[in-house]
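Summary of the model geometry
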Amino acid sequence: MTELDDIDRRILRELTCDGRISNLALAERVGLSPSANLRRVAALEKAGVIAGYRAVLSPEKTGIGFVAYVTVGLNHHTKSSQDAFERAMARAPEVRECHNITGAVEYLLRVEVPDLPAYKRFHTDILGALPQVQTLQTYVVMASPKDERG
């Protein structure tokens, strides 16, 4: 594990809010010279603390009008069942996140689609058609008062 100090944490907080911030602006916000800041960011990248940068997309502008979390219980608790399910989820563009979890079910999915009919098709034709799936429970997102993913 990489040892992070307060300056590293401030850098990470600022980059989390704006990954495209200029080095000069970031240095000013965290109280470093631009060259020292650049060295810190490079060190955080090299250590793998900063794993990458990405664009945060507008759901409305990209046609996503329906978001749901889906819990999935498998009918067989074997490595082969899990592998087959995970491969199917990796191929499904509707699945934005797939988490193997503990508890009463094995997986938690974040599903993003244009609308309810698109979700019904995904639910029936993709999830419902998988032989590994035993139970599904859908939780529709009505609002996200806090979402730090973007």
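Residues numbered from 1 in each chain as written. Predicted model: local features only at pLDDT ≥ 70, side-chain atom pairs only at ≥ 80, totals over all residues. Heavy atoms only, no water.

**Quick look at the overall build of the chain**
Scanning the chain for helices and strands turns up five helices and four strands. Along the chain, helices and strands appear, N-terminal first, in the series α-α-α-β-α-β-β-α-β. On C-alpha atoms alone, the chain measures out to a radius of gyration of 20 Å, which is more than a quarter above the 15 Å that the 2.2 N^0.38 rule sets for 150 residues. C-alpha extents for the chain along the principal axes are approximately 55 × 35 × 25 Å. A total of 150 residues make up the chain; the buried ones form 29% of that total. Long-range pairs, those at least 24 residues apart, make up 63% of the contacts in the chain with a sequence separation of at least 6. Per element, the accessible surface of the chain, about 10,200 Å² overall, is 54% carbon and sulfur. (Helix = DSSP H or I, 4+ residues; strand = E, 2+ residues; numbered from the N terminus. Rg over C-alpha atoms; globule rule 2.2 N^0.38 Å. Buried < 20%, exposed > 50% of the residue type's maximum accessible area, 1.4 Å probe, protein only. Contact = heavy atoms within 4.5 Å. Areas by Shrake-Rupley, 256 points an atom, 1.4 Å probe, with all protein chains shown as cover.)

**Side note on the packing of helix 2 (residues 23-30) against helix 3 (residues 34-46)**
Between helix 2 and helix 3, the least distance of the axes is 9 Å, while the angle of their chain directions is 95°. When the axis of helix 2 is compared with that of helix 3, the two are roughly perpendicular. On the side of helix 2, the interface is formed by Asn-23, Leu-24, Leu-26, Ala-27 and Val-30, while helix 3 contributes Pro-34, Asn-37, Leu-38 and Val-41. For the contact of helix 2 with helix 3, a count of residues per class yields seven nonpolar, two polar and no charged. (Axes fitted to C-alpha atoms, helices over the stretch in contact; angles between N-to-C directions. Parallel < 35°, antiparallel > 145°, perpendicular 65-115°, else oblique. Nonpolar A, V, L, I, M, F, W, Y, C, P; charged D, E, K, R; others polar.)

**Concerning the packing of aromatic side chains**
Counted according to the given criterion, the structure contains three aromatic pairs. Their ring planes at 40° and their centres at 4.6 Å tell us that Phe-85 and Tyr-107 sit as a pair that is tilted. Here the residue Phe-85 occupies a position in helix 4 (residues 79-91), and Tyr-107 occupies one in strand 3 (residues 107-113), the gap between them amounting to 22 residues. What makes Tyr-107 buried here is its relative accessible area of 1%. Members of the aromatic cluster, joined through ring pairs, are Phe-66, Tyr-119 and Phe-122. (Phe/Tyr/Trp six-rings, centres within 6.5 Å; stacked < 30°, edge-to-face > 60°.)

**Observations regarding the packing of helix 1 (residues 6-17) against helix 3**
How two helices sit against one another is set out by the angle between their axes and by the gap between those axes. As a packed pair, helix 1 and helix 3 sit with axes 11 Å apart at the nearest point and diverge in direction by 80°. Comparing their axes, helix 3 and helix 1 come out roughly perpendicular. The segment helix 1 lies against helix 3, with Ile-7, Asp-8, Ile-11, Leu-12 and Leu-15 engaging Asn-37, Arg-40, Val-41 and Leu-44. Per-class residue counts for the contact of helix 1 with helix 3 are six nonpolar, one polar and two charged.

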